[in-house]
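# Coordinate analysis (summary)
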Amino acid sequence: MEAIFHEKQEGSLCAQHCLNSLLQGSYFTAVDLSTLAEKLDDEERQRMAECGEESEEYHKFLQQPSGNMDDSGYFSVQVISSALQVWNLELVPYSSTDQRLNSDPSKMTAFICNFRDHWFTIRKISNYWFNLNSLLSRPELISDTYLALFLAQLKNDSYSIFAVLGELPQCTAEEALKNKSIVHDPIPRPPLRNISSNESDPDLRAALELSIADEINFISQTQESEDNDLPEALRLSMQGFATTSEEDDEETLLRKAINMSLQC
């Protein structure tokens, strides 16, 4: 995990951290993004001027603050998209009907997410997915089997999700993780019981069902070598909801945990 590039949050520079986490290097600074934002502002002014520099709409536009950046260091999705174009990468809303999007998110390369003006990256490095949120103290591992559920949860909680299309630059972490086996967390974070939704959401329900089947399969394949802590982790995840029998097996515990999350 040490090989993964991960910037901690500074001020409101989450867009900068998001881009650098995606590209796995210190490629963009706040000055770089400010330059892109100013260029976008100029282009918008030119388009407005075409309607008449004496028009009321044009003068109102000039009085408004930039929609692409502010004094705190926040940058818009247009700035992020312009920065990615430098690398021949494209940002596409994941909810769009673009045929280049794969219905199985694990077949994609990376996602950029936004909620309440905070940007963060979810990227695949080697064979692993990582949540590279700059608010986290370290990169957070996401299993392929949980990715669909994780994205469905974000969508249900009103996050904006964009898929990154194109070939990402090679990074040192790719080689470091290539032949390394990482044990996935048996209970993904944020905990399932914190999902602010119900099972009426078809996307979330489908992702939950897929996650249940895949995680149970993952457990059955690895239980002899690396799931010694799984029963306890599952019990802790259900703490405060119900007590469980000592004889409950992993599959039963997992189903109970997910069923409880659907009742929240």
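Cut-offs used in this document
Residues numbered from 1 in each chain as written. Predicted model: local features only at pLDDT ≥ 70, side-chain atom pairs only at ≥ 80, totals over all residues. Heavy atoms only, no water. UniProt positions renumbered as here; feature names shortened; annotations may be inferred. Helix = DSSP H or I, 4+ residues; strand = E, 2+ residues; numbered from the N terminus. Buried < 20%, exposed > 50% of the residue type's maximum accessible area, 1.4 Å probe, protein only. Contact = heavy atoms within 4.5 Å. Pairing = 2+ DSSP bridges. Axes fitted to C-alpha atoms, helices over the stretch in contact; angles between N-to-C directions. Phe/Tyr/Trp six-rings, centres within 6.5 Å; stacked < 30°, edge-to-face > 60°.

- Per an unreviewed UniProt entry, the recorded name for the protein is ubiquitinyl hydrolase 1, and the organism is Diabrotica balteata.
- Listed under Catalytic activity (unreviewed entry) in UniProt, the entry text for the protein is "Thiol-dependent hydrolysis of ester, thioester, amide, peptide and isopeptide bonds formed by the C-terminal Gly of ubiquitin (a 76-residue protein attached to proteins as an intracellular targeting signal)."
- Check the Subcellular location (unreviewed entry) section of the UniProt entry for the protein; it says "Nucleus".

## Examining the environment of Leu33
- The residue Leu33 is located in helix 2 (residues 30-49) in this model.
- Its relative accessible area of 0% is what places Leu33 among the buried residues.
- Separated by 35 residues in the primary sequence, Leu33 and Asn68 have C-alpha atoms spaced 9.6 Å apart.
- With sequence-adjacent residues up to four places away left out, Leu33 is seen in contact with Ala15, Gln16, Leu19, Phe28, Phe75, Val79 and Ala83.

## Some words on the sheet that holds strand 5 (residues 140-142)
- Pairing is antiparallel in the open sheet, where six strands are placed in the order 1-6-2-3-4-5. At either end of the open sheet lies a strand with only one pairing partner, and these are strand 1 (90-93) and strand 5. Looking at each pair of strands side by side, their axes are set apart by 30° on average, direction ignored.
- Pairing of strand 1 with strand 6 (residues 160-165), which is carried by four bridges, proceeds in the antiparallel orientation.

## So, unusual backbone geometry
- With a phi angle near 70°, Asp117 is a residue other than glycine that sits in the positive phi range.
- Mapped onto the fold, Asp117 is located in the loop between strand 2 (110-115) and strand 3 (118-125).
- At Ser158, a residue that is not glycine, the phi angle is positive and equals roughly 70°.
- Relative to the helices and strands, Ser158 is located in the loop between helix 5 (144-156) and strand 6.

## Digging into the UniProt feature "active site" (unreviewed entry) in the protein
- According to UniProt, the feature "active site" (unreviewed entry) maps to Cys14, His118 and Asn133 in the numbering used here. Spatially, the listed residues are clustered: although they cover 120 residues, their C-alpha atoms lie within 9.3 Å of one another.
- As for its position among the elements, His118 is in strand 3.
- Dropping the residues within four chain positions of it, His118 is found in contact with Gln9, Cys14, Cys113, Asn133, Ser134 and Leu135.
- Positionally, Asn133 belongs in the loop between strand 4 (128-131) and strand 5.

## Re the packing of aromatic side chains
- Throughout the structure, instances matching the rule amount to seven aromatic pairs.
- Where Tyr94 meets Phe111, the ring centres are 5.0 Å apart and the plane angle is 85°; that geometry is what we call edge-to-face. Separated by 17 residues along the polypeptide, Tyr94 in the loop between strand 1 and strand 2 and Phe111 in strand 2 bring together distant segments of the chain.
- The class for Phe111 is buried, based on a relative accessible area of 0%.
- Within the aromatic cluster, the residues linked to one another by ring pairs are Tyr94, Phe111 and Trp129.

## A closer look at the pairing of strand 6
- Taken across its six residues, strand 6 has five buried, putting it largely inside the fold.
- Direction of pairing for strand 2 relative to strand 6: antiparallel, over a ladder of five bridges. Within strand 6, the position partnered with Phe111 by the bridge is Ala163.

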